[in-house]
Amino acid sequence: MATFYVMNANTLAAKQAVASAGLGGVYIAANWASLQPNGAGSALNSSAIAALNQEIADARSLGLGICFSHSPQYSPNWVKSSVEPFKDQNGDEYLSTDSGKQVRNWFWTANGRQYIADFYTKVWQGLTPENRMAVTYLKFGGGYYGEIQYPPEVGSSPDWLYRGFGNSMQTGVGLAPGLTACPEPGYVPFTGSDSQDVAWINWFLGGIEDFVRWQIDLLKSLGWTCPLFAMHPGYSVRNNTGRSNSGWRQNFAIGVDFTRMMGIYKNDPQVWPWSTWLGGYDGWTPNTFDSDQAAWKKLYATAAAHGKHYNIGGENTGGETNSDLDAILDSALGATPPSTTGPIYSDGRPQTAWSGYKHIMWLDYASLTAGGSNATLAHYGQKAAAV
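Here goes a summary of the coordinates provided. Because the structure is predicted, anything quoted here is derived from the model rather than measured. The residue numbering used here restarts from 1 in each chain and proceeds along that chain's sequence as written. Given that the model is predicted, a residue must reach a pLDDT of at least 70 before its local features are reported, and side-chain atom pairs must reach 80 or more before they are shown or counted; all residues, however, enter totals for whole chains, interfaces and linings. Excluded from the side-chain calculations are hydrogens and water; all other atoms, namely the structure's heavy atoms, are used.

1. Side note on the overall build of the chain
Put simply, the rule reads: Numbered from the N terminus, helices here are DSSP runs of H or I no shorter than four residues, and strands are runs of E no shorter than two. We compute the radius of gyration from the C-alpha atoms alone; for a globule the expected value is 2.2 Å times N to the 0.38, where N is the number of residues. The buried label goes to any residue with under 20% of its type's maximum accessible area, the exposed label to any with over 50%, and the partly exposed label to all in between, with areas taken from a 1.4 Å probe on protein chains only. The contact definition used throughout considers only heavy atoms, calling two residues in contact when any of these lie within 4.5 Å. Note that accessible areas follow from Shrake-Rupley with a 1.4 Å probe, and for residues the cover is restricted to the protein chains shown. For this count, His and the chain ends are skipped, Lys and Arg are scored as positive, and Asp and Glu as negative. Note on charges: their place is set at NZ of Lys, CZ of Arg, CG of Asp or CD of Glu.
Assigned secondary structure in the chain consists of 14 helices and 10 strands. Scaling as 2.2 N^0.38, a compact globule of 387 residues should have a C-alpha radius of gyration of about 21 Å, and the chain matches this with 21 Å. In terms of overall dimensions, the chain has C-alpha extents of about 60 × 55 × 40 Å along its principal axes. Counting only residues that meet the buried cut, the chain has 54% of its 387 residues in that class. Long-range contacts, defined as pairs at least 24 residues apart, comprise 75% of the intrachain contacts of the chain with a sequence gap of at least 6. Accessible surface, the chain: about 14,900 Å² in total, of which carbon and sulfur atoms supply 52%. Across the chain, the centroid of the 24 positively charged side chains sits 5 Å from that of the 30 negatively charged ones.

And the structure:
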């Protein structure tokens, strides 16, 4: 049985409308900036944590499921000023002021992880036991828009920006426990030997892998027993392109490698993959090669290869029409493979045993009620019932 949720239905009236449309749940996020505005180690703002508890209680009262997230990308000013920014090979720091993009390097730094752990812990402690138990599943990532990725503004081909040049990453000073400094300080990827590149690639992606593993351990240690969904972004490197390929390098610069990241939790029955790009199209039809597949198909194929497709979920990117909504649900949740070839592996093996996506999150309530050409809440409810 598939589940159908709505993002950003923040008011009681919005939640009532979601329930009336026959949809199963809502997304509720903890906002770090409003919950902990007063500095490292400070108590949560009492009004903000009360409001968060009330929002969950409202959903509970309507019988709605709850997808929860800590959303560290909405960090308070004291975090942004005290955690080292990402830095590229040109010495430029990543200091975006756009909403949802204001990340710092808590992936690698000891103080960044300390602040994340303190926030996650205080949120757990601040939620009532009833509200903790009401959470149906939890999404995590930690990067730009909450996803598992480094900052994705990475320049242009062939001059991609590789953000492994911050002081901590280059010198080892201030690194989180278990991480190591750059194996060859100052080296810029793809300017030397293949062995140098391989060492840099494994080190750079190893840091993001370690951050994912660290978050899973943290969430479990706090007491979260619900399914945990890893938010996989974008396109990902593909198996039929190599390190000399410009697209491969672009995705590597962002740190997006579905296979490596899923390898972290492939044997963990509590952790599952989540696609943040369900509305994407194949780059080529028929999708003969791995690089031809839309992102959500590639993620599904990777999940199937790791035995993690039985509880896979995902969300659209926003701005779709009712026809787009139909296409997304018919393909991602369909009973049969979504194309003549379906999700495949790069070496041409037959398609994976298709069982479809199990959870859909729609972005978002405002668009579903905005009118115009946008998909509507009523249509989403009707389509969900039909599926």
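Now, onward.
2. Some thoughts on the nonpolar core
Side chains of nonpolar character tend, in soluble globular proteins, to be buried together. Applied cut-off: Only buried residues count toward a nonpolar core. Its members are Ala, Val, Leu, Ile, Met, Phe, Trp, Tyr and Cys residues joined through side-chain atoms within 4.5 Å.
One finds Phe 68, Trp 224 and Tyr 380 to be the most contacted residues of the largest nonpolar core, which totals 105 residues. When residues in this core are grouped by element, the largest group, 12 residues, is from helix H8 (residues 194-222). Core analysis: the second largest hydrophobic core is formed by 10 residues, Tyr 5, Met 7, Tyr 137 and Met 361 among them.

3. Description of the pairing of strand S7 (residues 228-232)
The test is simple: Two strands qualify as a pair provided DSSP detects at least 2 bridges between them.
Among the 5 residues that make up S7, 5 are buried, leaving the element largely enclosed by the rest of the structure. Here S7 shows a buried face lined by Leu 228, Ala 230 and His 232 and a second buried face lined by Phe 229 and Met 231. Where S7 lies against strand S8 (residues 271-275), 5 bridges are found, and the strand directions are parallel. Bridge pairing in S8 links Ala 230 to Pro 273.

4. Notes on the state of the cysteines
Put simply, the rule is: The term disulfide is used for any two cysteine sulfur atoms that are within 2.5 Å.
Using the criterion set out here, one finds 0 disulfides in the structure. Here Cys 226 stays unpaired: no disulfide links it, and the sulfur of Cys 67, its closest cysteine neighbor, is 8.8 Å away.

5. Quick notes on the sheet that holds strand S4 (residues 135-140)
As a reminder of what qualifies: To define axes, lines are fitted to C-alpha atoms, for helices over the stretch in contact only, and angles between the resulting N-to-C directions are given on a 0 to 180 degree scale.
Strand order around the closed barrel formed by 8 strands is S1-S2-S3-S4-S7-S8-S9-S10, with parallel pairing between neighbours. Looking at each pair of strands side by side, their axes are set apart by 30° on average, direction ignored. Inspection of the sheet shows strand S3 (residues 65-69) paired to S4 by 3 bridges, in the parallel sense. Bridging across to S4, Phe 68 finds its partner in Leu 138.

6. So, the packing of aromatic side chains
Using the following cut-off: When the centres of two rings from Phe, Tyr and Trp lie within 6.5 Å, Trp using its six-membered ring, the rings pair. Their planes under 30 degrees apart give stacked, over 60 give edge-to-face, and anything left gives tilted. Charge-over-ring placement is defined geometrically: NZ (Lys) or CZ (Arg) within 6 Å of the ring centre, and within 35 degrees of the ring normal.
Taken as a whole and judged by the stated rule, the model has 34 aromatic pairs. Residues Phe 204 and Phe 252 carry aromatic rings whose centres are separated by 5.4 Å and whose planes lie at 65° to one another, so their mutual orientation is edge-to-face. On the criterion of sequence distance, the pair formed by Phe 204 in helix H8 and Phe 252 in helix H9 (residues 246-254) is long-range, its members being 48 residues apart. Residue class for Phe 252 comes out buried when judged on its relative accessible area of 1%. The ring of Trp 124 has Arg 132 lying over it, and the distance from NZ or CZ to the ring centre is 4.4 Å. It is Lys 308 that lies over the ring of Trp 272; its NZ or CZ is 4.0 Å from the centre.

7. With respect to helix H10 (residues 258-265)
In an α-helix, one full turn covers 3.6 residues, which means residues spaced three or four apart are oriented alike. Rule in force here: This arc corresponds to the set of directions leading from the helix axis out to the C-beta atoms. In protein, a polar contact means a hydrogen-donor-capable atom and an acceptor-capable atom, both N or O and within 3.5 Å, with residues adjacent in sequence counting only if both atoms are side-chain atoms; elsewhere, any N or O pair within 3.5 Å suffices.
Along H10, the residues classified as buried are Phe 258, Met 261, Met 262, Ile 264 and Tyr 265. Looking straight down H10, one finds its buried side chains confined to an arc of 140°; they lie on one side. Structurally, H10 contributes buried residues whose contacts are with H8, S7, S8 and helix H11 (295-305). Among the residues of H10, the N-terminal cap falls to Asp 257, whose side-chain oxygen and the backbone nitrogen of Thr 259 are separated by 3.2 Å.

8. Some details on the environment of Pro 183
With respect to the helices and strands, the residue Pro 183 is situated in the loop between helix H7 (167-171) and H8. The sequence separation of Pro 183 and Met 169 amounts to 14 residues, and the corresponding C-alpha distance is 9.7 Å. Look past the residues within four positions of Pro 183 in its chain and what remains in contact with it is Ala 199, Trp 200 and Trp 203.

9. Some details on the pairing of strand S2 (residues 25-29)
Along a regular strand, successive side chains alternate from one face of the sheet to the other. Worth spelling out the cut-off: Consider the strands pointing away from the viewer: the crossover is right-handed when the path from the first strand over the helix to the second runs clockwise.
With 4 of 5 residues buried, S2 lies mostly within the body of the structure. When strand S1 (residues 3-6) meets S2, the two strands line up parallel, connected through 2 bridges. Bridge pairing in S2 links Tyr 5 to Gly 25. Following the backbone out of S1, through helix H1 (residues 12-20) and into the adjacent parallel S2, one traces a crossover that is right-handed. Of the strand pairs in this sheet, S2 and S3 are connected by 5 bridges, and their pairing is parallel. Note on S3: the bridge partner recorded for Val 26 is Ile 66.

10. Details of H11
Burial of H11 is extensive: 10 of the 11 residues sit out of reach of the surface. Every buried residue belonging to H11 is among Ala 295, Trp 296, Lys 297, Lys 298, Leu 299, Tyr 300, Ala 301, Thr 302, Ala 303 and Ala 304, and all of these are buried. Against the buried residues of H11 lie S7, H10, S8 and helix H12 (322-332). Phi turns positive one or two residues past the end of H11, at Gly 307, with a value near 70°.

11. Notes on the packing of H12 against helix H14 (residues 377-386)
The line we're drawing: When describing relative orientation, an angle under 35 degrees is termed roughly parallel and one over 145 degrees roughly antiparallel, while 65 to 115 degrees is termed roughly perpendicular and anything else oblique. By convention the crossing between two helices is left-handed if the near helix lies anticlockwise of the far one by an angle smaller than a right angle, and right-handed if it lies clockwise.
The interhelical angle for the contact between H12 and H14, taken along N-to-C directions, is 25°, at an axis separation of 10 Å. Relative to H14, the element H12 lies roughly parallel. Crossing geometry of H12 relative to H14 is assigned as right-handed. Contact residues: H12 offers Asn 322, Leu 325, Asp 326, Leu 329 and Asp 330, while H14 offers His 379, Tyr 380, Lys 383 and Ala 384.

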